Amino acid sequence: MLSLNFIRANSELVRQGVRRKGEQAPIEEILELDRQHRQLVGEEEGLRAELNSSSARVGALARVGDPAAALLRDSLGDLKARVQEVQLRRKGHEDRLQELLLLVPNVPHESVPDGTSDDDNITVRTWGAQPQFDFEPQTHFDLGETIGIFDFERAVKISGSRFAMLRGEGARLERALSTLMLDIATRERGYSEVAPPYMVNRNCMVGTANLPKFEEDAFHVVEGDRFLIPTAEVPVTNMYREEILDAESLPIRHVAWTPCWRSEAGAPGRDTRGYIRMHQFSKVELVKFVRPEDSLTELEALVADSESVLQALGLHYRVRLMCAGDMGFAQWKKYDIDAWAPGMGRYLEVSSCSAFGDFQARRAGIRFRSANAKPEYVHTLNGSALALPRTFDCLIETYQTGQGTVRVPDRLQPYMGGATEIS
RNA sequence: GGGGAGGUGGCUGAGUGGCCGAAAGCGCCCGCCUGCUAAGCGGGUGACGGGGCAUAACCUCGUCCGAGGGUUCGAAUCCCUCCCUUCCCGCCA
């Protein structure tokens, strides 16, 4: 959420940011409501100050037994009614203003390029090269069915479309990948591991800006009005909601492995084949809380942390700076990392690394305080390191041998009980 | 599921209708003292918003004692609903 002060003082910048993202936001209505609201606040507070001092006088008179107390007391009913009337109007404005503010997207950082679609994203670097094969590389779903590590039919039978099931060495491979990713984050990149709840309350979803605008993207658990997390970003970012952190504790870096659930409401018909776009998948997520001035350097470091996993696995990838129109509602600046899937002959997005500025912190009330200073909102960031299914796909497509087997990369072998190949 | 206790500032914790934005302690900041450090002494120290004002300092007003309603001239304090914590019993592992 943007602060009202910010919108008031930078309304043109905000309008432009909304436009650059290709979104709509009720900026004019907010500015007008804000004007009216502040006027009502002034009016109400004047009346209330009068009522407060009169009430105090009633108390003082009553204490010394002055009969004027009763007289004054009885005369205050009218004033009270006026206070209540103005208060009601002020609250109406306030609630409406709050609702509207939650609908204003974050403004892209100035270093974010213009653009409206994926075509306008900028590849900032690549690592490795597309592997060459002396045979026709298979897709992960063909290969995986052959080896017997996927069982899509039974997943559909027990849960429906967009659910997948791994079996045998496949299940083990995904578990091994998860553990490797967690180990890299905790032992090599300085993150502290957390294992958060997989269901969160409504406030958390609002805090990370998954609500109110995107309720149809999430799975809702009616009992208790909770939501299945669409990403570990939600519980982990909200760990410190409504807290004032000690400045010395920043930056805070957490990593979490969790399942993620998404309704994929906006993607019917997309990526229906393969282990790519599931209602449930798992992901290792990095989340950071940093001082505002460190935000963008921390973003670059975050991307490097995610890349280190792909490098450890020896997978070719590219890093893309997202254009304004292809960024999400809450992002300030964002990079995607796409790994190469040679069987499919395309890149798969395995990570999305975002800086949010204080947009989420403001919604969630996450602040920090330096000695002798006023509390300030932290900046939040997060990125996948990495999404499991697509990393899994790229890995088996990259390391297929042509003999119906898949070589296990060196770094992963200790996590696979020393196995060098799966078949 | 039944019954009891409770949710107060960065933290601990007093406060049952006005003199309470809130004692005391801890922490933190400033100063004094002191070879250094610690201790000791003195003082200061909540958040958010409106207005004045340069979106500084400062002044002023208002709101905030889990959340939301209500009673009252006046609520941390009384009433109602909800959330959470905790204890005992029951239930299930």
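Quick note: structure is the one above.
Brief notes about the overall build of chain A
In terms of regular secondary structure, chain A is built from 13 helices and 16 strands. Summarising its shape, the C-alpha atoms of chain A cover approximately 100 × 45 × 40 Å along the three principal directions. A burial count over chain A gives 52% of its 423 residues as buried. Of the contacts made within chain A by residues no fewer than 6 positions apart, 73% connect residues no fewer than 24 positions apart. Seen as two clouds, the 51 positive and the 62 negative side-chain charges of chain A have centres 4 Å apart.

Observations regarding the sheet that holds strand E5 (residues 226-228)
On the basis of which strands lie adjacent, the open sheet formed by three strands has the order E3-E5-E4 and antiparallel pairing. The outermost strands of the open sheet, each flanked by one partner alone, are strand E3 (199-201) and strand E4 (220-221). The sheet contact formed by E3 and E5 spans three bridges and is antiparallel. Pairing of Asn201 across the sheet is with Arg226, part of E5.

Comments concerning the pattern of salt bridges
Following the criterion strictly, the structure yields 35 salt bridges and no others. A salt bridge links Lys288 to Glu298, with the nearest nitrogen and oxygen atoms 2.5 Å apart. One end of the pair, Lys288, is in strand E8 (residues 280-290); the other, Glu298, is in helix H11 (residues 295-313), and 10 residues separate them in sequence. Arg318 is the partner of Asp338 in a salt bridge, and the nearest nitrogen-oxygen pair spans 3.0 Å. With a gap of 20 residues between them, Asp338 in strand E10 (residues 333-341) and Arg318 in strand E9 (residues 317-321) connect regions that are remote in the sequence.

Here we look at the protein's contact with RNA strand B
With respect to spatial proximity, 21 residues lie near RNA strand B, and among them Arg48, Ser55, Arg73, Lys80 and Arg367 are the closest. Taking the atoms of RNA strand B that fall within 4 Å of the protein, sugar and phosphate contribute 69% of them. Take Arg63: an N or O atom from its side chain is 3.2 Å from a sugar or linking oxygen of RNA strand B. Contact between RNA strand B and Arg367: a sugar or linking oxygen at 3.1 Å from a side-chain N or O atom of the residue. At the level of secondary structure, the elements contributing two or more residues to the surface near RNA strand B comprise helix H3 (27-63), helix H5 (77-101) and strand E12 (366-369). In terms of residue count, the dominant contributor to the surface near RNA strand B is H3 (11 residues). Taken together, the residues that form the surface near RNA strand B break down as six nonpolar, four polar and 11 charged.

Side note on the sheet that holds E9
Spatially, eight strands are ordered E1-E9-E10-E11-E14-E8-E7-E2 in an open sheet, and the strand pairing comes out mixed. Of all the strands in the sheet, just strand E1 (122-127) and strand E2 (192-193) have a single pairing partner and so form its edges. Examined bridge by bridge, strand E11 (residues 346-355) and strand E14 (residues 379-387) share three bridges and lie antiparallel to one another. Residue pairing for E14: Ala355 is matched across the bridge by Leu381. Where H11 meets the sheet, it contacts E1, strand E7 (252-261), E8, E9, E10, E11 and E14, and its direction lies at approximately 10 degrees from that of E14.

Focus: the nonpolar core
Leu173, Leu177, Phe392, Leu395, Ile396 and Leu412 are the most contacted members of the largest nonpolar core, which has 60 residues in total. Excluding anything up to four places from it in sequence, Phe392 contacts Ile149, Phe150, Leu166, Gly170, Leu173, Glu174, Leu177 and Tyr275. Residues Met1, Val18, Ile30 and Leu100 belong to the second largest nonpolar core, which totals 20 residues.

Here we look at the packing of helix H2 (residues 11-20) against H3
Here H2 crosses H3 at 150 degrees, and the two axes come no closer than 11 Å. Classified by the angle their axes make, H2 and H3 are roughly antiparallel. Here H2 runs over H3; the crossing is right-handed. Along its contact with H2, which presents Ser11, Val14 and Arg15, the element H3 presents Ile27, Glu28 and Leu31. Of the residues assigned to the contact of H2 with H3, the class counts are three nonpolar, one polar and two charged.

Thoughts on H11
An ideal rise of 1.5 Å per residue puts 27 Å on 19 residues; H11 measures up with 28 Å between its terminal C-alpha atoms. Where H11 terminates, the next one or two residues include Gly314, which has phi positive at roughly 70 degrees.

Re the packing of aromatic side chains
A full pass over the atoms with the stated rule returns 11 aromatic pairs. For the pair Tyr198 and Trp261, a centre-to-centre distance of 6.1 Å together with 55 degrees between the ring planes defines the contact as tilted. Of this pair, Tyr198 sits in the loop between E2 and E3 while Trp261 sits in strand E7, placing them 63 residues apart in sequence. The class of Trp261 is buried, set by a relative accessible area of 13%. Aromatic rings pair up to connect Phe150, Phe152, Tyr275 and Phe392 into one cluster. A cation sits over an aromatic face here: Arg318 above Tyr347, 4.1 Å from the ring centre.

Digging into the environment of Tyr377
Note that Tyr377 resides in strand E13 (residues 376-377). Residues Tyr377 and Leu302, spaced 75 residues apart in sequence, show a C-alpha to C-alpha distance of 20 Å. Excluding residues that lie within four positions of it along the chain, Tyr377 makes contacts with Pro292, Asp358, Ala361, Arg362, Gly365, Ile366, Arg367 and Phe368.

Definitions and limits used
Residues numbered from 1 in each chain as written. Chains lettered and ligands numbered in written order. Predicted model: local features only at pLDDT ≥ 70, side-chain atom pairs only at ≥ 80, totals over all residues. Heavy atoms only, no water. Helix = DSSP H or I, 4+ residues; strand = E, 2+ residues; numbered from the N terminus. Buried < 20%, exposed > 50% of the residue type's maximum accessible area, 1.4 Å probe, protein only. Contact = heavy atoms within 4.5 Å. Lys, Arg positive; Asp, Glu negative; His and termini not counted. Charge placed at Lys NZ, Arg CZ, Asp CG, Glu CD. Pairing = 2+ DSSP bridges. Salt bridge = Lys/Arg side-chain N within 4 Å of Asp/Glu carboxyl O. Near = heavy atom within 4 Å. Polar contact = N/O pair within 3.5 Å; in protein donor to acceptor, adjacent residues only side chain to side chain. Nonpolar A, V, L, I, M, F, W, Y, C, P; charged D, E, K, R; others polar. Axes fitted to C-alpha atoms, helices over the stretch in contact; angles between N-to-C directions. Core = buried A, V, L, I, M, F, W, Y, C linked by side-chain atoms within 4.5 Å. Parallel < 35°, antiparallel > 145°, perpendicular 65-115°, else oblique. Left-handed = near helix turned anticlockwise from the far one by under 90°. Expected span 1.5 Å × (residues − 1). Phe/Tyr/Trp six-rings, centres within 6.5 Å; stacked < 30°, edge-to-face > 60°. Lys NZ or Arg CZ within 6 Å of the ring centre and 35° of its normal.

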